Amino acid sequence: MPQPLRIAIAGALGRMGRQMAETIAADSRLELVAGFHRPGSAGEGLVERDEALALADVAVDFTTPAASAELATACAARGGPALVIGSTGFDVAELKAIAEAAKKIAIVRSGSYSLGLNMLTGLVEQAARALGPDDCDIEIFEAHHRFKVDAPSGTALMLGEAAVRGRGVVLDDVARRARDGLVGPRNAGEIGFAVMRGGSIVGEHSVSFLSDGERLTLSHAAGDRSMFARGAIAAALWVAGRPPGEYDMRDVLGFTAL
């Protein structure tokens, strides 16, 4: 029988950290070898970061952009483990740090680890390719719980990136992230983002294609965080032993090979 894949969890005391631990415990293919949190954090089973990394084949990180970028650098400096990153809201410097780390280790980074959302991404790209800016306007809506700190969500931006891949443009050139006051008529080809925050919403996303007289909406709603944990586990199993590089869930699911 093959040895289970050894997993370390960053942010082990957080919501996704606890969900990851529960999901790993129920999977015989995996072994949770360590969890770590902020320096000085106390809790059952917690160890220091370097000790956790030394024990693991893959580290899973759903923390903050700054912490994820720092962890990627630390993993690269020691030659491993591979890394699965689920944080969102990165700035340019943090993305650069992760890209540099990916020259030495394998990293999966995704705005969402939901299989359904990644299927939605593919459908959005196809629809945007077929329905050009002269035919349809695109608007993206997302809703999350009151504690989420970044907006638009990483998944909403991932959907935006899918739309611009379909249209062959750059997201920063066409994104309209807010509308307030006398903004004038909608610019042709822009992609609008709308955000809701409140309650305990796990995650809702929709992409609408609007033309004169009709509207097509593609949407996804998350019921609980276990779906993200299952996707992260699929990513961990896939990335273990891969050559250095920065991958995403399209690679994990084989979409990029299609």
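What you see is a predicted model; the values in this text were computed from it and never measured.

J.: Help me get a handle on the overall build of the chain, residues and values and all.
T.: Across its full length, the chain holds nine helices and eleven strands. In terms of overall dimensions, the chain is globule-like: its C-alpha atoms have a radius of gyration of 19 Å, near the 18 Å expected for 258 residues. For the chain, the spread of C-alpha atoms along the principal axes amounts to about 60 × 40 × 35 Å. Residues classed as buried in the chain amount to 47% of the 258 residues present. Long-range contacts, defined as pairs at least 24 residues apart, comprise 70% of the intrachain contacts of the chain with a sequence gap of at least 6. Taken as a whole, the chain presents about 13000 Å² of accessible surface, with 52% of it coming from carbon and sulfur. Side-chain charges in the chain split into 26 positive and 32 negative, and the spacing between the mean points of these groups amounts to 1 Å.

J.: Describe helix H5 (residues 115-130), and please don't skip the residues or the numbers.
T.: Its 16 residues place the ends of H5 23 Å apart at the C-alpha level, agreeing with the 22 Å of an ideal helix rising 1.5 Å per residue. Within H5, the full set of buried residues consists of Leu-117, Asn-118, Leu-120, Thr-121, Val-124, Glu-125, Ala-127 and Ala-128. Next to the buried residues of H5 lie strand E6 (137-144), helix H6 (154-167), strand E9 (203-211), strand E10 (214-222) and helix H9 (249-252). Between a side-chain oxygen at the N-terminus of H5 and the backbone nitrogen of Gly-116 the separation is 3.2 Å; the capping residue is Ser-114.

J.: Tell me about the nonpolar core, and name the residues and values.
T.: If you look at soluble globular proteins, the nonpolar side chains tend to sit buried side by side. Counting 31 residues, the largest nonpolar core has Ile-7, Met-20, Val-58, Val-84, Val-108, Tyr-113 and Val-239 as its most contacted members. Listing elements by their share of this core, those giving two or more residues are strand E1 (5-10), helix H1 (15-25), strand E3 (58-61), strand E4 (82-85), strand E5 (106-109), helix H8 (226-239) and H9. Top contributing element to this core by residue count: H8, with nine residues. For Val-84, the residues in contact, after removing those within four places along its chain, are Val-58, Ala-59, Val-60, Asp-61, Val-108, Tyr-113, Ala-232, Ala-235, Ala-236 and Val-239. Ranked by size, the runner-up nonpolar core spans 22 residues in total, among them Ala-34, Phe-36, Ala-69 and Ala-76.

J.: Tell me what's going on with the layout of surface pockets, and back it up with residues and numbers.
T.: By volume, the largest pocket amounts to about 1300 Å³. Of all elements in the fold, only H1, helix H3 (65-78), H6 and E9 reach the threshold of two or more residues within the lining of the largest pocket. Ranked by residues supplied to the lining of the largest pocket, first place goes to H3 with four residues. Of the residues contributing to the lining of the largest pocket, the split by class is 17 nonpolar, 20 polar and nine charged. If you add up the space inside the second largest pocket, you get close to 770 Å³. Looking at the second largest pocket, it is lined by 29 residues, and the ones nearest its centre are Arg-109, Gly-154, Leu-157, Met-158 and Glu-161. When residues of the lining of the second largest pocket are traced back to their parent elements, those giving at least two are helix H4 (92-101), H5, H6, helix H7 (171-174), strand E11 (245-247) and H9. Looking at which element gives the most residues to the lining of the second largest pocket, the answer is H6, with five residues.

J.: Quick rundown of the environment of Val-92? Include the residues and the values.
T.: By the secondary structure assignment, Val-92 is in helix H4. The spatial distance from the C-alpha of Val-92 to the C-alpha of Glu-22 is 33 Å, given a sequence separation of 70 residues.

J.: Please provide a residue-by-residue account of the sheet that holds strand E8 (residues 191-197), values included.
T.: On the basis of which strands lie adjacent, the open sheet formed by five strands has the order E7-E8-E6-E9-E10 and mixed pairing. At either end of the open sheet lies a strand with only one pairing partner, and these are strand E7 (175-176) and E10. Bridge count for E6 against E9 is seven bridges, and the pairing is antiparallel. Bridged to Ile-138 within E9 is Phe-209.

Conventions adopted
- The residue numbers shown here count from 1 along each chain, following its written sequence.
- Local features are withheld for residues below a pLDDT of 70 in this predicted model, meaning they are given only at 70 or higher, and side-chain atom pairs are given and counted only at 80 or more; totals for whole chains, interfaces and linings count all residues.
- For the side-chain quantities, the full set of heavy atoms in the structure was used; hydrogens and water were omitted.
- Each helix corresponds to a stretch of at least 4 residues labelled H or I by DSSP, and each strand to a stretch of at least 2 residues labelled E; elements are numbered beginning at the N terminus.
- In this treatment the radius of gyration is a C-alpha quantity, and the globule benchmark scales as 2.2 Å times the residue count to the 0.38 power.
- The buried label applies to any residue whose accessible area, calculated with a 1.4 Å probe on protein chains only, is under 20% of its type's maximum; exposed applies above 50%, and partly exposed to all values in between.
- Every residue pair with non-hydrogen atoms within 4.5 Å of one another is taken to be in contact.
- What sets the accessible areas is the Shrake-Rupley method with a 1.4 Å probe; for residues, cover comes only from the shown protein chains.
- Residues scored as charged are limited to Lys and Arg (positive) and Asp and Glu (negative), so that His and the chain ends carry no count.
- The atom standing in for a charge is NZ when the residue is Lys, CZ when it is Arg, CG when it is Asp and CD when it is Glu.
- Expected span, for any helix, means 1.5 Å times one less than how many residues it has.
- N or O atoms closer than or at 3.5 Å make up a polar contact, with two conditions inside protein: a donor-capable atom paired with an acceptor-capable one, and, for residues adjacent in sequence, both atoms drawn from side chains.
- Working definition of a nonpolar core: buried Ala, Val, Leu, Ile, Met, Phe, Trp, Tyr and Cys residues. They are joined through side-chain atoms within 4.5 Å.
- Cavities and pockets were defined on a 1 Å grid built from protein atoms only: a cavity is a group of points that admits a 1.4 Å probe but offers it no way out, a pocket is an open group of points flanked by protein on both sides within 12 Å along at least five of seven lines, and a lining residue is one with an atom within 4 Å of any such point.
- Grid points are joined across faces, edges and corners, and a volume is the space filled by probe spheres set on the points.
- Side-chain classes are defined by residue name, with Ala, Val, Leu, Ile, Met, Phe, Trp, Tyr, Cys and Pro counting as nonpolar, Asp, Glu, Lys and Arg as charged, and the others, Gly among them, as polar.
- Here, strands pair whenever DSSP counts at least two bridges between them.

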